[in-house]
Amino acid sequence: MARRHWLLKTEPGSFSWDDLAKARVTGWDGVRNYQARNLMRDEMNKGDLVLFYHSNADPSAAVGVARVVRKGYPEAEEPTWSQVDIAPVRKLKHPVSLERMKVTPGLEGMPLLRKGNRLSVQSVSKEEFELVLKLGNAKE
DNA sequence: GCCAACGTTGGC
DNA sequence: GCCAACGTTGGC
């Protein structure tokens, strides 16, 4: 199966990129939304790449790349919910802010940019993923 | 801190 | 099954 690309939202106050970098492999548990759960349970596979996004941040931005190291599996405590395990790959040289993504041609289709979208696990296309990485590695 | 958008709950 | 009330998310 082709490698897929995702965006995971997190509030840096509860779990930030630095926390992930320190923890190395991290169980992405505690997600309590059915749509997000179904994506993790049914769609996310080992080797998939993840844009790590800080929401409710200053500024809200994609800050790093992570990788799925274990595909969806039930949470130990509450098996109706699912989790994946992720590990950091690398930090972006420059955070790519929400504002920047909004004005970048080619990213209009990202679920993140849809008004009112609160989903914490989102699918992004390969093209979108690579474009964000490009923005994150080149200076303005 | 505000509030729009969305998801969930529970009475009926 | 409908929908009002409530809670949460997250940009601003």
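Residues numbered from 1 in each chain as written. Chains lettered and ligands numbered in written order. Predicted model: local features only at pLDDT ≥ 70, side-chain atom pairs only at ≥ 80, totals over all residues. Heavy atoms only, no water.

Student: When you look at the protein's contact with DNA strand B in this model, what are you seeing that I'm missing?
Tutor: The environment of DNA strand B is made up of Y34, K115, G116 and R118. Among all atoms of DNA strand B positioned within 4 Å of the protein, those belonging to sugar or phosphate total 67%. Side-chain polar atom of K115 to a phosphate oxygen of DNA strand B: 3.4 Å apart, as the coordinates give it. A distance of 2.5 Å separates a base oxygen of DNA strand B from a polar atom in the side chain of R118. Taken together, the residues of the surface near DNA strand B break down into 1 nonpolar, 1 polar and 2 charged. (Near = heavy atom within 4 Å. Polar contact = N/O pair within 3.5 Å; in protein donor to acceptor, adjacent residues only side chain to side chain. Nonpolar A, V, L, I, M, F, W, Y, C, P; charged D, E, K, R; others polar.)

Student: What is the right way to look at the packing of aromatic side chains in this model?
Tutor: To describe a pair of aromatic rings, one takes the distance between the centres and the angle between the planes. On inspection of all chains with the given rule, the structure shows 4 aromatic pairs. Plain terms: the ring middles of F15 and W28 are 5.8 Å apart, the flat faces sit at 80° to each other, and that makes the pair edge-to-face. With F15 in the loop between β1 (5-10) and α1 (17-23) and W28 in strand β2 (residues 26-28), this residue pair connects regions lying 13 residues apart in the sequence. W28 gets classed as buried once you look at its relative accessible area, which sits at 8%. Cluster of aromatic residues (ring-pair linked, three or more members): F15, W17, W28 and F52. It is R37 that lies over the ring of W81; its NZ or CZ is 5.8 Å from the centre. Positioned above the aromatic ring of Y73 is the side chain of R70, whose terminal nitrogen or guanidinium carbon lies 3.4 Å from the ring centre. (Phe/Tyr/Trp six-rings, centres within 6.5 Å; stacked < 30°, edge-to-face > 60°. Helix = DSSP H or I, 4+ residues; strand = E, 2+ residues; numbered from the N terminus. Buried < 20%, exposed > 50% of the residue type's maximum accessible area, 1.4 Å probe, protein only. Lys NZ or Arg CZ within 6 Å of the ring centre and 35° of its normal.)

Student: How should the side chain of K9 be read in this particular structure?
Tutor: When you line up the elements, K9 lands in strand β1. Buried within the structure, K9 lacks any salt-bridge partner; E11 is the closest side chain of opposite charge, at an N-O distance of 9.3 Å. From its side chain, K9 meets the backbone oxygen of N117 in a polar contact 3.2 Å long. Leave out the neighbours within four places in its chain, and K9 touches W28, Y53, S55, L112, N117, R118, L119, S120 and Q122. (Lys, Arg positive; Asp, Glu negative; His and termini not counted. Salt bridge = Lys/Arg side-chain N within 4 Å of Asp/Glu carboxyl O. Contact = heavy atoms within 4.5 Å.)

Student: Before we go on, may I ask you to explain the nonpolar core in this structure?
Tutor: Soluble, globular proteins show a tendency: their nonpolar side chains are buried together. In terms of nonpolar packing, the biggest core is built from 20 residues, with W28, M44 and I86 touching the most fellow members. At the level of secondary structure, the elements contributing two or more residues to this core comprise β1, α1, α2 (34-43), β3 (49-54), β4 (61-74) and β5 (82-97). A total of 4 residues in this core trace back to one element, the largest contributor, which is β4. (Core = buried A, V, L, I, M, F, W, Y, C linked by side-chain atoms within 4.5 Å.)

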